[in-house]
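Now for the letters of each chain:
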Amino acid sequence: MSTNETITVLEKPKPVKKLKPARKQVKAGEVERKETPQTGKEYNIWYNKWAGGDREDNYSNKVKSQTRCNFKKDSGLTRANTTGIRYACLFFARGCCPYGWECDYLHTLPDPNNALPDSSKDCFARDKFSDYRDDMGGVGSFNRQNRTLYVGRIKETGPGPETEEVVTRHFKEWGEIERIRVLQYRSVAFVTYVSEFSAQFAKEAMACQSLDNDEILNVRWATEDPNPVQKVAEKRRLEEIGQEAITARMDPRIVDAMRAVRALEDGDVLDDEGEVAEDLRFGEGEDPEPKRRRIELPLPHEVTSELTPQSLGLLSADTMEGLKYFAEIRKRNAVTSAVVNAKAVPPKPLTAGLGVADYGSDEED
């Protein structure tokens, strides 16, 4: 074998990893439930704290979560994969589901490409509300698509980029992150996910968890970004999502027919992809032609029965037959209405007696 010859080794494609049955994260009764210390006289079930105590008692009395979800080890198949339920398990996100493969909810991350059956519920099938709570906690609101989390009580041990790297490493496990903004020396970070479902899952998965310095995070929904640039970008993103959703539900044949009819009305030529054809370049010394080439439609007196779809090059044979059919009906209706109007005109009455002239006439006869 010569030295110039090369040997190509074909690598075998890696087999697709199948999901295994979900494991039980904890045993029944293993997690101790600790009651919230009483700091007031009334317990507010909406804010999940005692009323009348210190305004910071909701987090000063918080303890670190006893469990945490390990997605690589804990994810797997459950009963929901056979029953068709699309909602994730709330206790799986918190790392304390004792049912494992027997759970009635999914033990995987929510798929951002699959819409949930009810937009008024979050990815855990909890009902949203019309407005956020005063502390921006809870399930959230169905009036705004919120993809940003407020992460407070971070222990900073280095500059801003180092803190951003730590936050990214802990939060990227729950979904694709769009951007992270760290407020240095304020122990606050804002994490924006690409999907709202990822933000909902991460909010529960990282509540009362710690990063690298054994802190207790305060994770809640972020308020609306006052930056005008971000407002315009978010509005444009929502409009694009709405257009894609409408286009996905429309029949592509109807869309092509609408484009063809609009181009026929405007006198434009469509290319093979259904877009308006444009001239690529103009030669030197040549007069630039219009970007849209006009169709040379025949004049009314030039229209004959020999007009075929190939002469127009836009509409199919079925469409042309339909247009001819409706044109014939319109022509017949016009002739019929003309005959009816002619019959409906009463004959002009004859004048008798003195021969008084009709109104508006200069003659006496």
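The name given to the protein chain in an unreviewed UniProt entry is Pre-mRNA-splicing factor CWC2, and the organism recorded there is Rhizopogon vinicolor AM-OR11-026. Taken directly from UniProt, the Sequence similarities (unreviewed entry) text for the protein chain runs: "Belongs to the RRM CWC2 family." Within the UniProt record for the protein chain, the comment given under Subcellular location (unreviewed entry) is "Nucleus".

## Thoughts on the UniProt feature "domain: C3H1-type" (unreviewed entry) in the protein chain
Mapped onto the present numbering, the UniProt feature "domain: C3H1-type" (unreviewed entry) falls on residues 88–110. Taken as a whole, residues 88–110 contains 22% helix and 0% strand, while its terminal C-alpha atoms sit 7 Å from one another.

## Some points on the packing of aromatic side chains
Aromatic rings considered in pairs are described by the distance between their centres and by the relative angle of their planes. Taken as a whole and judged by the stated rule, the model has four aromatic pairs. Through successive ring pairs, a cluster of aromatic residues spans F92, F124, W174 and F201. Looking at K24, its charged tip hangs above the ring of W101, at a distance of 5.1 Å from the centre.

## As for the environment of A125
Looking at the element boundaries, A125 is found in the loop between α4 (90–94) and β3 (148–152). Overall, the relative accessible area of 26% leaves A125 in the partly exposed class. Note: C-alpha distance between A125 and Y87 (38 residues apart in sequence) is 5.9 Å.

## Section: the pairing of β3
Buried residues dominate β3, accounting for five of its five residues. Burial along β3 is two-sided: T148, Y150 and G152 and L149 and V151, pointing in opposite directions, are all buried. With five bridges connecting them, β3 and strand β5 (residues 188–193) associate as antiparallel partners. Note that in β5 the partner of L149 across the bridge is V191.

## Details of the pattern of salt bridges
Under the criterion given, the structure shown has 16 salt bridges. Between R94 and E204 there is a salt bridge, and its shortest N-O distance comes to 3.0 Å. Pair noted here: R94 is in helix α4 and E204 is in helix α6 (residues 196–205), with a separation of 110 residues, a long-range link. The class of R94 is partly exposed, set by a relative accessible area of 32%. Linking E178 and R147 is a salt bridge whose minimum nitrogen-to-oxygen distance equals 2.9 Å. You can see E178 sitting in strand β4 (residues 177–183) and its partner R147 sitting in the loop between α4 and β3, a full 31 residues away along the chain.

## Describing the environment of N218
Within the fold, N218 resides in strand β6 (residues 218–221). Residues N218 and V151, spaced 67 residues apart in sequence, show a C-alpha to C-alpha distance of 5.7 Å.

## With respect to the sheet that holds β3
Taken in spatial order, the four strands line up as β4-β5-β3-β6 in an open sheet, and their pairing is antiparallel. Edge positions in the open sheet fall to β4 and β6, since each of these has one partner strand only. Here the strands of the sheet are splayed against their neighbours by 20° on average, with no regard to which way each runs. In this sheet, β5 lies alongside β4 in antiparallel orientation, the contact comprising six bridges. The partner of I180 across the bridge, within β5, is V191. Packing against the sheet, helix α5 (residues 160–171) makes contact with β3, β4 and β5, and its axis sits at approximately 140° to β4.

## Things to note about a nonpolar patch on the surface
A cluster of nonpolar side chains, I246, M250, I254 and M258, forms an exposed patch at the surface whose accessible area comes to about 400 Å². Residue class for I246 comes out exposed when judged on its relative accessible area of 53%.

## Comments concerning unusual backbone geometry
The residue S187 is not glycine, and still its phi comes out positive at about 60°. Assignment of secondary structure puts S187 in the loop between β4 and β5. With relative accessibility at 25%, the residue S187 sits in the partly exposed group. Residues other than glycine seldom take positive phi values, yet C208 does so here, at roughly 60°. Topologically, C208 is positioned in the loop between α6 and β6.

## Some words on the state of the cysteines
The full count for this structure, using the stated rule, is zero disulfides. Of all cysteine sulfurs in the structure, the one in C103 sits closest to C89, which takes part in no disulfide; the separation is 3.7 Å.

Cut-offs applied
Residues numbered from 1 in each chain as written. Predicted model: local features only at pLDDT ≥ 70, side-chain atom pairs only at ≥ 80, totals over all residues. Heavy atoms only, no water. UniProt positions renumbered as here; feature names shortened; annotations may be inferred. Helix = DSSP H or I, 4+ residues; strand = E, 2+ residues; numbered from the N terminus. Phe/Tyr/Trp six-rings, centres within 6.5 Å; stacked < 30°, edge-to-face > 60°. Lys NZ or Arg CZ within 6 Å of the ring centre and 35° of its normal. Buried < 20%, exposed > 50% of the residue type's maximum accessible area, 1.4 Å probe, protein only. Pairing = 2+ DSSP bridges. Salt bridge = Lys/Arg side-chain N within 4 Å of Asp/Glu carboxyl O. Axes fitted to C-alpha atoms, helices over the stretch in contact; angles between N-to-C directions. Contact = heavy atoms within 4.5 Å. Patch = residues over 30% accessible without salt bridge, like charges linked within 9 Å, V, L, I, M, F, W, Y side chains within 5 Å. Areas by Shrake-Rupley, 256 points an atom, 1.4 Å probe, with all protein chains shown as cover. Disulfide = S-S within 2.5 Å.

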